[in-house]
Every structure is written in C-alpha cells, then in structure tokens.
Amino acid sequence: MGELMKGFMSKRPVPAEMRDKLAMYGEAEADYLAGHLQGALPAISLVSQSALSTAFINDVAADMVFAQQVYGYGRPGDALLVFSTSGNSLNVVRAVQVAKAVGLTTIAMTGESGGRLKELCDIAIRVPYTSTPDIQERHLPIYHALCMMLEEAFFG
C-alpha cells in the first residue's frame with residue numbers, strides 16, 4: 001500500500017495551498033514540510049494492524065479479523081483489494097462479504113479458479129496458474145500496474 005500513500009512512479013507534490021497552510025504553523029519549516037509531503041491516496045494494509053489483529057483473533061474470531069477492519073474503516077465508495085491464491089481464504093471471503101454490505105467496490109486477485117471470490121467480488125483478476133508461488137509471482141506485476149494506473153488517474 002506504500003505505492004498508493006506516496007509517489008510510486010512519479011512525483012506527487014502537494015498543492016501550493018497546502019504549503020500556505022503549513023506556513024501558518026511555522027513559516028521557517030513550511031518549505032521543508034511541503035517539500036517532503038507527497039500526494040497520497042488513503043490506503044491501509046489490513047495485515048499491518050498487529051495490535052488489533054492479536055486482540056481480535058484472541059477475543060473474537062480469527063476468520064473475522066479483516067472483516068472487522070473493513071467494517072470499521074470502510075465507507076461507501078471505497079475499494080477493497082484482496083489477495084488469495086485459492087480465492088477461498090475464509091478470512092478474506094468474510095472481509096469481502098462485509099465490504100459488499102458496507103458498499104465498497106471489491107477487487108480480488110486470485111489463481112486460476114478464482115474460488116468463492118470470483119463470484120463475490122465486483123472484479124476478479126485471475127492469473128492462469130494453480131501453484132501458489134506461480135500465482136504470487138504474477139500478482140506483484142499486476143498490483144504494480146494497478147498502482148501506476150491509479151497514480152496516473154489521480155495525480156497525472
């Protein structure tokens with residue numbers, strides 16, 4: 001998700017208005033702050049929330065850890081991108097079910113069969129492989145292509 005929260009293939013300078021706002025809180029640092037901030041798309045990696053994950057997995061249900069985050073963070077109009085080589089990972093399926101109920105666009109990257117995610121998601125990107133390493137190898141360039149397209153659409 002770092003590719004979405006900061007420049008990936010291109011620079012994403014903040015607007016001049018942001019530099020002016022920063023100056024209100026320290027003129028001497030405004031250029032530094034504006035020069036080191038980058039245009040961002042709000043993106044959260046659900047696997048990075050270790051405190052919530054351990055608490056939720058221990059106290060509630062392991063298969064619901066991503067679904068809980070989708071429920072808490074997701075807003076209609078947001079998008080959820082999920083990865084599952086089989087397309088059947090229960091914790092991922094549950095997150096997509098909640099995402100659909102909340103009003104999120106859902107995109108899955110899977111292997112050849114697509115599993116349950118093929119039918120649940122708005123978009124299923126299925127790579128034509130069945131071996132986990134082969135699938136994962138193909139997911140990375142597709143993910144990078146998506147990031148480049150988003151960067152161009154929002155910051156190009």
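Attention in this report is confined to the structure presented alongside it. (Residues numbered from 1 in each chain as written. Predicted model: local features only at pLDDT ≥ 70, side-chain atom pairs only at ≥ 80, totals over all residues. Heavy atoms only, no water.)

Considerations on the sheet that holds strand β3 (residues 123-126)
Spatial ordering of the open sheet is given by β1-β2-β3, a layout of three strands whose pairing is parallel. Both edges of this open sheet fall to β1 (79-84) and β3, since each of them pairs with a single strand only. Taken pair by pair, the neighbouring strands of this sheet meet at an average axis angle of 15°, ignoring direction. As paired strands, strand β2 (residues 105-110) and β3 are joined by four bridges and run parallel to one another. From the neighbouring strand, Ile107 faces β3, where its bridge partner is Ile123. Where helix α6 (residues 90-102) meets the sheet, it contacts β1 and β2, and its direction lies at approximately 165° from that of β1. (Pairing = 2+ DSSP bridges. Helix = DSSP H or I, 4+ residues; strand = E, 2+ residues; numbered from the N terminus. Axes fitted to C-alpha atoms, helices over the stretch in contact; angles between N-to-C directions. Contact = heavy atoms within 4.5 Å.)

A short note on the packing of aromatic side chains
One pass over the structure, following the stated rule, counts one aromatic pair. Taking the ring centre of Tyr129 as reference, the NZ or CZ of Arg138 above it sits at 4.0 Å. (Phe/Tyr/Trp six-rings, centres within 6.5 Å; stacked < 30°, edge-to-face > 60°. Lys NZ or Arg CZ within 6 Å of the ring centre and 35° of its normal.)

What to know about helix α8 (residues 132-155)
Taking 1.5 Å per residue, 24 residues should reach 34 Å; α8 reaches 34 Å between its end C-alpha atoms and fits that length. Buried residues of α8: Ile135, His139, Tyr143, Cys147 and Glu151, and no others. Those residues of α8 that are buried are in contact with α1 (2-5), β1 and β2. (Expected span 1.5 Å × (residues − 1). Buried < 20%, exposed > 50% of the residue type's maximum accessible area, 1.4 Å probe, protein only.)

Let's talk about the packing of helix α5 (residues 65-73) against α6
Across the interface, α5 lies against α6 with an axial gap of 7 Å and an inter-helix angle of 20°. Taken together, the axis directions place α5 and α6 in an arrangement best described as roughly parallel. The crossing of α5 and α6 is right-handed. Seen from α5, the contacting residues are Phe66, Ala67, Val70 and Tyr71; seen from α6, they are Asn91, Arg94, Ala95, Val98, Ala99 and Val102. Class assignment of the residues belonging to the contact of α5 with α6 gives a composition of eight nonpolar, one polar and one charged. (Parallel < 35°, antiparallel > 145°, perpendicular 65-115°, else oblique. Left-handed = near helix turned anticlockwise from the far one by under 90°. Nonpolar A, V, L, I, M, F, W, Y, C, P; charged D, E, K, R; others polar.)

A word on the nonpolar core
Formed by 19 residues in total, the largest nonpolar core has its most connected members in Val70, Leu80, Val82, Val96, Leu104 and Leu117. Contacts of Val70, omitting those with residues within four sequence positions, involve Leu46, Leu80, Ala95, Val98, Ala99 and Leu104. (Core = buried A, V, L, I, M, F, W, Y, C linked by side-chain atoms within 4.5 Å.)

These figures capture arrangement, not role.
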